[in-house]
Amino acid sequence: MRSIYQSWLDRSRVLRWLEYWYPFSFAGSLLFACVIWLTGLAYAADNLYAQMLALLAFVILTALLFVCRLQAFRLGDPDIVWKASQSLVSRHSGGGFEIGTGEFGIFYFLRLHFRIHGRQQAGREAYLYIRGEGVATRAGGIFLPFYTPVCGMLDLRGRLMVRDVFGLTRARVAPVQVRQFVVEPPAFPSRLNIVFRNSARMESSHRMLNSDEEKYYMREYIPGDRLKDINWKASFRLKELITKISPKSPEESRLLHVELRHFGMHHQDGPVSIVHLNYIKSWLLSFLWQVHAEHPDYKFQVFTASEVLLLEDEQDIADFARHLGDIQYTNDISFDHAVAPAQEKFIFTTAFDHGLDHSLASDGAVVCNVFRTAPGKKSVARHIRFLPYEQGALPLPGMWLWRRTKTAGRSGVHGGGQLVEEKLKVTIL
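Residues numbered from 1 in each chain as written. Predicted model: local features only at pLDDT ≥ 70, side-chain atom pairs only at ≥ 80, totals over all residues. Heavy atoms only, no water.

J.: Give a description of the overall build of the chain that names residues and reports values.
T.: The secondary structure content of the chain amounts to 8 helices and 17 strands. Burial analysis of the chain (429 residues in total) assigns 46% to the buried set. Put simply, of all contacts in the chain between residues at least 6 apart along the chain, 74% involve residues at least 24 apart. Accessible surface, the chain: about 23100 Å² in total, of which carbon and sulfur atoms supply 58%. (Helix = DSSP H or I, 4+ residues; strand = E, 2+ residues; numbered from the N terminus. Buried < 20%, exposed > 50% of the residue type's maximum accessible area, 1.4 Å probe, protein only. Contact = heavy atoms within 4.5 Å. Areas by Shrake-Rupley, 256 points an atom, 1.4 Å probe, with all protein chains shown as cover.)

If you want it as structure tokens, here you go:
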């Protein structure tokens, strides 16, 4: 066994050495093979013109090879700065990678190339394979555009090399660069219709009682207030929910309970389930941004399957957006941490959540606002192409593209809550 492992290790070292030092591209290798074949034919037939042509091609290849290697030697081992030009967001064009190589002078007929390859996790046992190449148009930097249809973690490797303008020869520069990036879900471009079921209208404050003491100790209900603090007598009289507050703390905590139920019974994901999860991520992110914009004093306690996060400001929401891009389905259909009691919940889930009914039944008198994706027909649903080729070059999927996943049954919300469903029709192209 040790000899087999050592043999494999030796072969891998040889392959890495060849990959680094091999001087020809694919086109250059074909040309070099043709030169060898033509040289053999020329000498066999004693054809002077064929000999001169083969010699000329060989001299050109040798000269290009020498100049590429000299340019790589002049560059040495540059400090490569590889970063995203902006936040990487799925289904958004214009983003990409910036590769900084410092100032350099380059010979004529040569270009500096940066080639990346790797994969992106689209779901469980589902990866998109990525290849791309950028060319330096000026000294000091290379821009490599990037587009992907889904969010997730990117694992990439990059190689810097010098190549001639004909694409025949190459010379590697610097070691392989390894990077990880997170692709975030996009927020919806339009505003959401967010309704707090138990909240009172702000413009109706003039209907409060005239008593100075009652004005001081009461205000309109705000999501996050406890039910036991509601003044039911005043609420019936004013036809709005009124909350009693302490004179020592005139403002109650405005903490919204938000749940992301990324649960799925399957061990492997298909394109339909991946699109549904990506859509619900965008829905949740849009909800957070819009509520924060309209009510800056609100805070969010966000529950996922494995953690509880407190979001207080814009920076927290931006950090959560990056974290949200790396969240995938989980088989466990319940939270593995204690959930704090709440009077009103905002639940975001998909059509593949088989534990939703049980969770809603256990909430009892809690008001649940459920935002859920659902399958639908193309004529009445939002049509989403998994691979929108009109956007240009895309990462390549694997055979998982043909997987089918079963959705859960329809769910109902009771006790004064609401169910908002977005019907999706997912196609490959």
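J.: I'd love a proper account of the side chain of glutamine 71, names of residues and values included.
T.: If you trace the backbone, glutamine 71 turns up in helix H3 (residues 48-75). In this structure glutamine 71 touches Gly105, Ile106, Phe107, Leu110 and Val162, once residues within four positions along its chain are discounted.

J.: Can you lay out the pattern of salt bridges for me, pointing to particular residues and giving the numbers?
T.: Inspection of the entire model under this criterion finds 13 salt bridges. Put simply, glutamate 133 and arginine 115 hold a salt bridge, and the shortest N to O gap is 3.1 Å. Of this pair, glutamate 133 sits in strand E4 (residues 126-135) while arginine 115 sits in strand E3 (residues 110-123); the two residues are 18 residues apart in sequence, bridging distant segments of the chain. Glutamate 133 sits in the partly exposed class, given a relative accessible area of 31%. One salt bridge connects arginine 163 with glutamate 133, and the closest N-O pair in it is separated by 3.3 Å. Here the residue arginine 163 occupies a position in strand E6 (residues 152-164), and glutamate 133 occupies one in strand E4, the gap between them amounting to 30 residues. (Salt bridge = Lys/Arg side-chain N within 4 Å of Asp/Glu carboxyl O.)

J.: So what about the sheet that holds strand E5 (residues 141-145)? Which residues, and what values?
T.: Strand order in the open sheet formed by 3 strands is E1-E2-E5, and the pairing between neighbours is antiparallel. Two strands close off the open sheet at either side, each with one partner strand: strand E1 (81-84) and E5. Going across the sheet, the axis of each strand differs from the next one's by a mean of 20 degrees, ignoring polarity. Summarising the sheet, E1 and strand E2 (residues 96-100) pair through 4 bridges and their orientation is antiparallel. Counterpart to tryptophan 82 in the pairing with E2 is isoleucine 99. (Pairing = 2+ DSSP bridges. Axes fitted to C-alpha atoms, helices over the stretch in contact; angles between N-to-C directions.)

J.: Talk me through the packing of aromatic side chains; I want residue IDs and the actual numbers.
T.: Tallied over the full model, the rule gives 19 aromatic pairs. Taken together, a centroid distance of 5.8 Å and an interplanar angle of 55 degrees make the contact between tryptophan 82 and phenylalanine 181 tilted. In this pair, tryptophan 82 sits in strand E1 while phenylalanine 181 sits in strand E7 (residues 170-183), placing the two residues 99 residues apart along the sequence. On the basis of relative accessibility, which here comes to 12%, the residue phenylalanine 181 falls in the buried class. (Phe/Tyr/Trp six-rings, centres within 6.5 Å; stacked < 30°, edge-to-face > 60°.)

J.: Could you give an account of unusual backbone geometry, with specific residues and numbers?
T.: Even without glycine at this site, glutamate 125 takes up a positive phi of about 55 degrees. Examined against the element boundaries, glutamate 125 turns out to sit in the loop between E3 and E4. The backbone phi angle of alanine 174 is positive, close to 70 degrees, even though this residue is not glycine. You can see alanine 174 is positioned in strand E7.

J.: I'd love a proper account of the nonpolar core, names of residues and values included.
T.: Among the nonpolar cores identified, the biggest contains 46 residues, and Val258, Phe287, Phe300 and Phe348 are the most heavily contacted of them. Of all the elements, helix H6 (residues 271-294) adds the most residues to this core, at 11 residues. Excluding anything up to four places from it in sequence, valine 258 contacts Leu284, Phe287, Phe300, Gln301, Val302, Phe303, Phe346 and Phe348. By size, the runner-up hydrophobic cluster in this structure holds 28 residues, among which are Ala72, Leu75, Phe104 and Ile116. (Core = buried A, V, L, I, M, F, W, Y, C linked by side-chain atoms within 4.5 Å.)

J.: How would you explain the packing of H6 against helix H7 (residues 314-325) if you had to name every residue and give the values?
T.: At their nearest, the axes of H6 and H7 sit 11 Å apart, and the two run at 180 degrees to each other. Relative to H7, the element H6 is oriented roughly antiparallel. Listed contacts from H7 to Lys281, Leu284, Leu285, Leu288, Trp289 and His292 of H6 are Glu314, Ile317, Ala318, Phe320, Ala321, Leu324 and Gly325. Here the contact of H6 with H7 is composed, by residue class, of 9 nonpolar, 2 polar and 2 charged. (Parallel < 35°, antiparallel > 145°, perpendicular 65-115°, else oblique. Nonpolar A, V, L, I, M, F, W, Y, C, P; charged D, E, K, R; others polar.)

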